[in-house]
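A look at the structure
Below are the chains, spelled out letter by letter.
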Amino acid sequence: MTNFLQPPRLRIGEESEEERRATWLELFYDLVFVVAVSQLAHNLTEDISLSGLFGFVALFIPVWWSWIGTTFYANRFDSDDVIRRLLVGLHMLTAAAMAINIHHGLGESSAGFALSYALGRVVLIVEYVRAGMHIPSARPLTTRYAIGFAIAAFLWLVSAFLPIPWRFALWTLGIIIDFATPLTARKLQLGLLPHASHLPERFGLFTMIVLGEAIIAVVKGVSEQKWDVLTVISAVFGLIIAFSLWWVYFDNLGGTPIQRARENGQVGVVNLWLYTHLPLVIGIAAAGVGVEQILLSKSGLVLPDPQRWLICGAVALCLLALSILHRFGVIRYCKIRSQYRLGGAVLLVAIAIFGKGLLPVTVIALVALVAAVQVVQDLYQSRPTTRLVDPEI
């Protein structure tokens, strides 16, 4: 702790050119979301259907947005004093309460989930008000955020006292207002763009959390089965999928959207980077469940349709999100890689459609092959002989 009492300070501007790493407090805070993502994956494991997938996404969005809110605040205004640490502790309590209520989050625990999310937003609002009081140059932005998030938090709070389906109607309206608030403050963000090195690292850490679920799925799936050759082979393919997704994401973080926004005055690229990460992390988390389902399936029987669609659709969603990020230069700008990612997504959808009758090991092998081809393509394009060619082609 640098000071016992230290008001929020602007962590961008001249300092934005310097290297900045995630703090120990931020890493500790992330542990709560490891549990939350695990609970979300558990929900999907219990109900592999359209309704189960809808519930998984519906609960994933507020969990992810809760993490996004505190991350963006810390990126701009972080300080290390008693008040800040206590507020982060409150954030952790509300996030833990969300995780506790996830299991029946669209049923008997939905009121508790709504209250947990609303209280977490209230803590964030207090932080933005506090930052605005101490940093006059940031006050227009912090006020806009505080008002928008307060309206959304109020809707979530009220929803806890309403019956279903009205409760979910207010959830939908509240999350729309939450998502729209940063979009309405694009001009205000121009002078307060996030830190160029800190935010990509934080996004990478959350991506690592959901990738960790894929590894857990492999271990859990194998541990609950009698070991045979097909199960072991399927587990290897599951690891290849996770490793390939890690590779194509983290090996292409050369393009920095914040620097582009600062140079061109376009905040839209930062927002595109932010919101496209949502389908990416949803896809990775769902892919982990898909791998586990394949490992738990009877290796000698045809893989059921829901499990085939889950693994193919989840990885396809990841590749589609990565294709968008490549195409608009949010990560490494490269039309070729964007086309490969999009082609891989289309091929996976084709496997889901025409793969009826395939064994589990065959399906996961095909998915792993599509994912591994993305890595091979990146390696081929990165050869020394190809560096003479424009990398943005």
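One can find the structure itself at the top, above this paragraph.
In this report, we go over the structure that sits alongside the text. (Residues numbered from 1 in each chain as written. Predicted model: local features only at pLDDT ≥ 70, side-chain atom pairs only at ≥ 80, totals over all residues. Heavy atoms only, no water.)

**Observations regarding empty space enclosed by the protein**
- Under the criterion given, the structure shown has 4 cavities of 30 Å³ or more.
- Size it by volume and the largest cavity reaches roughly 120 Å³.
- Taken together, 13 residues line the largest cavity, and the ones lying closest to its centre are Trp65, Phe72, Tyr145, Pro182 and Leu274.
- Listing elements by their share of the lining of the largest cavity, those giving two or more residues are α2 (50-77), α5 (139-159) and α11 (268-296).
- Ranked by the residues each element gives to the lining of the largest cavity, the list is headed by α2, at 5 residues.
- Taken together, the residues of the lining of the largest cavity break down into 9 nonpolar, 3 polar and 1 charged.
- Taken as a whole, the second largest cavity spans an internal volume of roughly 90 Å³. (1 Å grid on protein atoms, 1.4 Å probe; cavity = no way out; pocket = protein on both sides within 12 Å on 5 of 7 lines; lining within 4 Å. Points joined across faces, edges and corners; volume = space filled by probe spheres on them. Helix = DSSP H or I, 4+ residues; strand = E, 2+ residues; numbered from the N terminus. Nonpolar A, V, L, I, M, F, W, Y, C, P; charged D, E, K, R; others polar.)

**Here we look at the pattern of salt bridges**
- Inspection of the entire model under this criterion finds 11 salt bridges.
- Among the charged side chains, a salt-bridge network with shared partners connects Glu26, Asp30 and Arg202. (Salt bridge = Lys/Arg side-chain N within 4 Å of Asp/Glu carboxyl O.)

**With respect to the packing of helix α9 (residues 229-250) against helix α14 (residues 360-381)**
- Where α9 contacts α14, the axes come no closer than 8 Å and their chain directions differ by 30 degrees. Judged by the angle between their axes, α9 and α14 are roughly parallel. By crossing handedness, the relation of α9 to α14 is classed as left-handed. Residues Leu230, Ile233, Ser234, Phe237, Gly238, Ile240, Ile241, Ser244, Trp247 and Val248 of α9 touch α14, and the partners they reach there are Val361, Ile364, Ala365, Val367, Ala368, Ala371, Ala372, Gln374, Val375, Asp378 and Leu379. (Axes fitted to C-alpha atoms, helices over the stretch in contact; angles between N-to-C directions. Parallel < 35°, antiparallel > 145°, perpendicular 65-115°, else oblique. Left-handed = near helix turned anticlockwise from the far one by under 90°. Contact = heavy atoms within 4.5 Å.)

**A closer look at a nonpolar patch on the surface**
- On the surface, a cluster of nonpolar side chains totalling about 420 Å² of accessible area is made up of Leu320, Ile324, Phe328, Leu342 and Val346.
- When residues of the nonpolar patch are traced back to their parent elements, those giving at least two are α12 (305-327) and α13 (335-354).
- Residue Val346 is classed as exposed on the basis of its relative accessible area, which comes to 54%. (Patch = residues over 30% accessible without salt bridge, like charges linked within 9 Å, V, L, I, M, F, W, Y side chains within 5 Å. Areas by Shrake-Rupley, 256 points an atom, 1.4 Å probe, with all protein chains shown as cover. Buried < 20%, exposed > 50% of the residue type's maximum accessible area, 1.4 Å probe, protein only.)

**Structural notes on the environment of Val363**
- Of note, Val363 is situated in helix α14.
- The spacing of Val363 and Phe237 is 126 residues in sequence and 9.9 Å in space, taken between C-alpha atoms.
- Residues in contact with Val363, not counting those within four places in the same chain, are Ile294, Leu303, Arg308, Ile311, Cys312 and Leu358.

**Quick word on the packing of aromatic side chains**
- Inspection of every chain in the model, using the stated rule, returns 27 aromatic pairs.
- For the pair Trp65 and Tyr275, a centre-to-centre distance of 6.0 Å together with 15 degrees between the ring planes defines the contact as stacked. Residue Trp65 is located in helix α2, and its partner Tyr275 is located in helix α11; the two are separated by 210 residues in the primary sequence.
- Residues Phe243 and Trp246 carry aromatic rings whose centres are separated by 5.5 Å and whose planes lie at 15 degrees to one another, so their mutual orientation is stacked. Of the two residues, Phe243 and Trp246 both sit in helix α9, 3 residues apart, roughly one turn of that helix.
- What makes Trp246 partly exposed here is its relative accessible area of 32%.
- The ring centre of Phe149 lies 4.6 Å from the NZ or CZ of Arg121, which sits over that ring. (Phe/Tyr/Trp six-rings, centres within 6.5 Å; stacked < 30°, edge-to-face > 60°. Lys NZ or Arg CZ within 6 Å of the ring centre and 35° of its normal.)

**Notes on unusual backbone geometry**
- The linkage connecting Ile164 with the following residue, Pro165, adopts the cis geometry, with an omega of 15 degrees.
- Within the element layout of this structure, Pro165 appears in the loop between α5 and α6 (166-183).

**Re the side chain of Glu292**
- The topology assignment puts Glu292 in helix α11.
- Glu292 sits in the buried class, given a relative accessible area of 6%.
- Apart from residues no more than four positions distant in its own chain, Glu292 is found in contact with Thr45, Ala217, Lys220 and Gly221.

**Considerations on the environment of Ala242**
- Residue placement: Ala242 occurs in helix α9.
- Distance in space between the C-alpha atoms of Ala242 and Leu295 is 15 Å, their sequence separation being 53 residues.
- Residue contacts for Ala242: discarding those within four places in its chain leaves Leu211, Ala214 and Ile215.

**Comments concerning the nonpolar core**
- Among the nonpolar cores identified, the biggest contains 107 residues, and Phe60, Trp64, Trp65, Phe203, Phe206, Ile241 and Ile311 are the most heavily contacted of them.
- Per element, the largest residue contribution to this core is 17 residues, and it comes from α11. (Core = buried A, V, L, I, M, F, W, Y, C linked by side-chain atoms within 4.5 Å.)

**Details of the side chain of Arg337**
- In this structure, Arg337 sits in helix α13.
- Residue classification places Arg337 among the buried residues on the basis of a relative accessible area of 4%.
- In terms of polar contacts, Arg337 uses its side chain to reach the side chain of Gln381, at 2.7 Å.
- Setting aside residues no more than four positions away along its own chain, Arg337 makes contact with Asn252, His326, Arg332, Gln377, Asp378, Gln381 and Ser382. (Polar contact = N/O pair within 3.5 Å; in protein donor to acceptor, adjacent residues only side chain to side chain.)

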